[in-house]
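Working through the structure, step by step
The lines below spell out each chain.
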Amino acid sequence: MQATHDNVMNINAVKRKQNVTKVVRLVITYLFLFFIAFIIIFPFYWMIISSLKDMDEYYLVNPTFFPTTIHWENYPNSMAAADFSRYMINTVIVGIVSTLLSLVITVLAAFAFAKMNFKGRDLIFTILLATMMIPGEMFTVSNYETISRLGWQDTIIVQVVPFLVSVFYIYLLRQNFKQVPNELYLAAKVDGTSDMKYLLKVLVPLSAPSIVSITILKMMGAWNAYVWPRLVTTSDEFKLITNGLREAFTGTEAGGRVNYPLQMAAVTIVSIPLILVFIFFRKYIMRGVSKAGIKG
């Protein structure tokens, strides 16, 4: 009886120790997640509160973490101070055109590398994958030299053409296409179905989550583009919203100070569409990316 009692006590002690360990792990995990969330959210919070301050409060030596007086008028004033509508129209045009053309190229290239047999297919695809190891900034000089020779500076086309091809998107969609059994493709060929019809009627519908993901990511990339548009455009007529707002509020106050409250208000307005897109379409992005990783 004594031995049984001792065993029960030992089991209870082990269970208590396991429960304490589990609670400690949960506390540490949630503290870590809270810390990471704070780091991510704080810049957005600072952007919003800065957009509601006046110039004097913004330039205080000791910053305030909430506006003493809320200036909602900064939002309409920011749109009036900059050529907001022109920048938005340019951004929408570049985003839509570049996304549609990039989708066409990505779908056709992914189909070729996934289903079509031609000499050197695997070698070409390997070389394309190798280019993903090169930082995008390395291509800036060569791209700028190319568009300079073509005389494309200060145009809409220069902000669309250089980035139509994305090896990552081709790889992502190719992995989806490879998950469709080859027997289905061969059966379609026996029935006289053309490659284009098979692509549009079978592969594209089956790979819809990944195509939606690529569309969203490409559109967001065009919306957030900053370095390249700033490099190739100088006139306000062709600037995008990112680099347009960067310079729109410089020297608008006495002493040549940047009117950061108005600038932050404009940035907040521009950020809202991206936040909404991510909130409502995040499951499609995750689904498309995860589906592409099932088969190599």
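A few points on the structure. (Residues numbered from 1 in each chain as written. Predicted model: local features only at pLDDT ≥ 70, side-chain atom pairs only at ≥ 80, totals over all residues. Heavy atoms only, no water.)

1. Here we look at the packing of helix H9 (residues 195-206) against helix H10 (residues 208-224)
Two numbers describe how H9 lies on H10: the axes approach to 5 Å, and their chain directions differ by 75°. The angle between H9 and H10 places the two elements in the roughly perpendicular class. Within the contact between the two elements, H9 uses Val 204, Pro 205 and Leu 206 and H10 uses Ala 208, Pro 209 and Ile 211. A breakdown of the residues in the contact of H9 with H10 according to their chemical character gives six nonpolar, no polar and no charged. (Axes fitted to C-alpha atoms, helices over the stretch in contact; angles between N-to-C directions. Helix = DSSP H or I, 4+ residues; strand = E, 2+ residues; numbered from the N terminus. Parallel < 35°, antiparallel > 145°, perpendicular 65-115°, else oblique. Contact = heavy atoms within 4.5 Å. Nonpolar A, V, L, I, M, F, W, Y, C, P; charged D, E, K, R; others polar.)

2. Regarding the environment of Val 158
Note on placement: Val 158 falls in the loop between helix H6 (138-150) and helix H7 (167-178). It is 9.8 Å that separates the C-alpha atoms of Val 158 and Ser 148, two residues lying 10 residues apart in sequence. Not counting residues up to four positions away in its chain, the partners in contact with Val 158 are Ile 147, Trp 152, Trp 228 and Val 232.

3. Points about the pattern of salt bridges
For the structure on display, the rule yields two salt bridges. Note that Asp 122 is salt-bridged to Arg 121, the shortest N-O span being 3.4 Å. Judged by its relative accessible area of 48%, Asp 122 is partly exposed. On the basis of relative accessible area, Arg 121 is assigned to the buried category, the value being 18%. Note that Glu 145 and Arg 149 form a salt bridge whose closest N and O atoms lie 3.1 Å from each other. You can see Glu 145 and its partner Arg 149 sitting in helix H6, four residues apart, about one turn around the helix. The partly exposed category is assigned to Glu 145, whose relative accessible area is 40%. (Salt bridge = Lys/Arg side-chain N within 4 Å of Asp/Glu carboxyl O. Buried < 20%, exposed > 50% of the residue type's maximum accessible area, 1.4 Å probe, protein only.)

4. Here we look at unusual backbone geometry
Positive phi outside glycine occurs at Asp 154, with the angle close to 55°. Mapped onto the secondary structure, Asp 154 falls in the loop between H6 and H7.

5. Quick look at the packing of aromatic side chains
In this structure the tally under the stated criterion is 11 aromatic pairs. The interplanar angle of 40° and the centroid separation of 6.2 Å between the aromatic rings of Phe 42 and Tyr 45 together place this pair among those described as tilted. Of this pair, Phe 42 and Tyr 45 are both found in helix H1 (residues 2-51), three residues apart, which corresponds to roughly one turn of the helix. A relative accessible area of 29% means that Phe 42 is categorised as partly exposed. Aromatic side chains Phe 113 and Phe 118 sit 6.3 Å apart centroid to centroid with 50° between the ring planes, which places their arrangement in the tilted category. Of the residues examined, Phe 113 reaches a relative accessible area of 9% and is grouped as buried. (Phe/Tyr/Trp six-rings, centres within 6.5 Å; stacked < 30°, edge-to-face > 60°.)

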